[in-house]
Amino acid sequence: MAAQSSEIDAIAGVTITTTAVSKAAAKCIAQAKGEIPIEVITEPSQNGDGDWLGTEPEIADSDITAEYETEILVIGCGTGGMFTIAATAEEGAKVIGIDRFSTGVGIRDDLAAIDSRYQKEWGTKIDKFDYITMATQYAAGHINQDLVRLFCDESGAAIDWYGDRLAERGVELWHEPGDSVDEARYEHFATGHSPRWTGSDDGQGGELDGNKILYDYALGLGAQFDYNTKMIKLTKENDRVTGCIAKNGDDKYVRYTASKGVVVCTGGYSLNYEMIEALQPWNLRIIGRNGSEPGAFGDGIKACLWAGAKMDETHSMMMFDRCALRPDQETGAETAKAGDNGFFWMDSQP
Ligand SMILES: Cc1cc2nc3c(=O)[nH]c(=O)nc-3n(C[C@H](O)[C@H](O)[C@H](O)COP(=O)(O)OP(=O)(O)OC[C@H]3O[C@@H](n4cnc5c(N)ncnc54)[C@H](O)[C@@H]3O)c2cc1C
């Protein structure tokens with residue numbers, strides 16, 4: 001710190017650690033100076049003309065190279081998708097999950113619930129009415145209370161179910177309530193649950209995670225996963241969505257038809273700056289760093305709108321914005337690299 005440098009004295013016997021600390025410090029210094037921009041991912045389709053929705057692509061039948069039939073089609077194998085695929089396979093349905101990446105984006109570790117068996121064991125009791133009131137206040141009333149109530153009523157069972165899947169692979173799920181901190185000035189609800197991954201391996205030389213556990217579980221129940229398969233548009237029969245047209249890893253169009261239902265779980269649109277600019281411009285002015293789920297380009301939202309869906313008027317986006325911003329940096333799409341924080345602005349000049 002005194003030298004304002006990453007050069008530190010090597011300590012004999014811990015060369016690897018010394019080098020690692022030195023490298024990490026150098027990177028931090030460069031980031032603090034704004035020399036390492038955090039990559040902003042954009043889609044080629046974001047052409048900047050403001051027409052974020054565009055028109056539904058026309059794809060001729062003659063361009064379809066393969067057809068797949070199933071009972072349930074799940075588009076997007078992230079958090080929502082993996083739970084849906086596993087649950088429908090468990091019910092005995094023939095289910096196919098597709099994802100635009102080589103695997104889904106995975107399941108976050110800290111999962112909230114009310115009245116799980118873990119909470120009951122620890123004596124954690126959350127008043128559902130208080131919880132709905134808090135959520136309504138947080139959202140300044142722009143909330144579907146029925147959905148929050150659904151979370152209050154069903155999340156405990158969902159977490160118990162997930163806990164069973166983890167336990168089958170030798171992983172414990174802990175109720176981690178977090179701290180109730182007076183300084184935080186908001187009401188704390190002890191909803192957290194986190195898996196203890198330490199030492200858990202997937203039997204194939206890799207580390208276990210929630211995605212692998214639900215993938216293996218669903219696969220064992222007969223589910224099919226088609227990765228590197230990007231949904232382009234939904235298809236309809238008599239005004240009912242019955243499937244989709246997707247592009248597979250060979251850049252070829254394929255068609256999926258589902259006899260019982262199509263579930264769109266493609267996440268949000270926080271990596272689609274044209275959509276943010278059009279739908280939440282005020283947020284673009286205040287964000288400093290865009291920590292989003294990969295794949296959050298709004299593909300599913302656009303496809304649903306093309307198919308005739310109506311969009312929630314007071315929606316939000318799932319983006320983490322934790323960082324520091326140089327005094328001379330502005331926020332917005334182009335500068336969503338460094339960050340902002342009302343109490344910690346740093347001048348890189350000493
Ligand atoms: C940094 C960060 C940390 C978070 N931490 C937590 C946490 O600790 N606990 C918690 O509960 N929540 C957390 N969240 C929120 C959580 O990740 C999301 O709420 C959740 O992932 C949303 O689930 P989803 O199924 O709607 O979308 P996602 O999980 O984003 O899944 C969408 C899937 O759809 C795929 N997809 C997208 N477009 C297409 C297409 N055209 N065709 C095919 N597939 C497509 C994507 O590749 C992805 O796999 C966090 C979010 C972020 C950004």
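Residues numbered from 1 in each chain as written. Predicted model: local features only at pLDDT ≥ 70, side-chain atom pairs only at ≥ 80, totals over all residues. Heavy atoms only, no water.

**A short note on the site of the ligand**
Neighbouring the ligand are 27 residues, the closest being G80, D99, D110, M231 and D299. In this structure, V105 approaches the ligand through a main-chain N or O atom, which is 3.1 Å from an oxygen atom. If the ligand stood free it would expose 990 Å²; the protein chains cover 79% of that surface. Put simply, the parts of the chain that give the shell around the ligand at least two residues each are α2 (79–90) and β7 (230–237). For the shell around the ligand, the element with the most residues is α2, which contributes 3 residues. In the shell around the ligand, the residues fall into 8 nonpolar, 12 polar and 7 charged. Of the domains in this structure, domain 1 (40–105 + 212–350) and domain 2 (108–208) are the two that each give at least three residues to the shell around the ligand. (Near = heavy atom within 4 Å. Polar contact = N/O pair within 3.5 Å; in protein donor to acceptor, adjacent residues only side chain to side chain. Areas by Shrake-Rupley, 256 points an atom, 1.4 Å probe, with all protein chains shown as cover. Helix = DSSP H or I, 4+ residues; strand = E, 2+ residues; numbered from the N terminus. Nonpolar A, V, L, I, M, F, W, Y, C, P; charged D, E, K, R; others polar. Domains from an automatic or database assignment.)

**Details of the packing of α2 against helix α5 (residues 145–168)**
Closest axis-to-axis distance for the α2/α5 pair is 13 Å, and the angle between their directions is 85°. Between α2 and α5, the angle falls in the class roughly perpendicular. For the pair α2 and α5, the contacting residues are F83, A86 and E90 in the first and W161, Y162 and R165 in the second. (Axes fitted to C-alpha atoms, helices over the stretch in contact; angles between N-to-C directions. Parallel < 35°, antiparallel > 145°, perpendicular 65-115°, else oblique. Contact = heavy atoms within 4.5 Å.)

**Notes on the nonpolar core**
Counting residues in hydrophobic clusters, the biggest one holds 29 residues, and the most contacted among them are M82, I85, V95, Y162, L166, A223 and F225. Counting only elements with at least two residues in this core, the list comes to β1 (64–75), α2, α5 and α6 (210–220). Mapped onto the domain boundaries, this core takes at least three residues apiece from domain 1 (40–105 + 212–350) and domain 2 (108–208). If near-sequence neighbours (up to four positions away) are discounted, Y162 is found in contact with F83, I107, L111, G210 and L214. Among the nonpolar cores identified, the runner-up in size contains 13 residues, and L73, I98, Y256 and A307 belong to it. (Core = buried A, V, L, I, M, F, W, Y, C linked by side-chain atoms within 4.5 Å. Buried < 20%, exposed > 50% of the residue type's maximum accessible area, 1.4 Å probe, protein only.)

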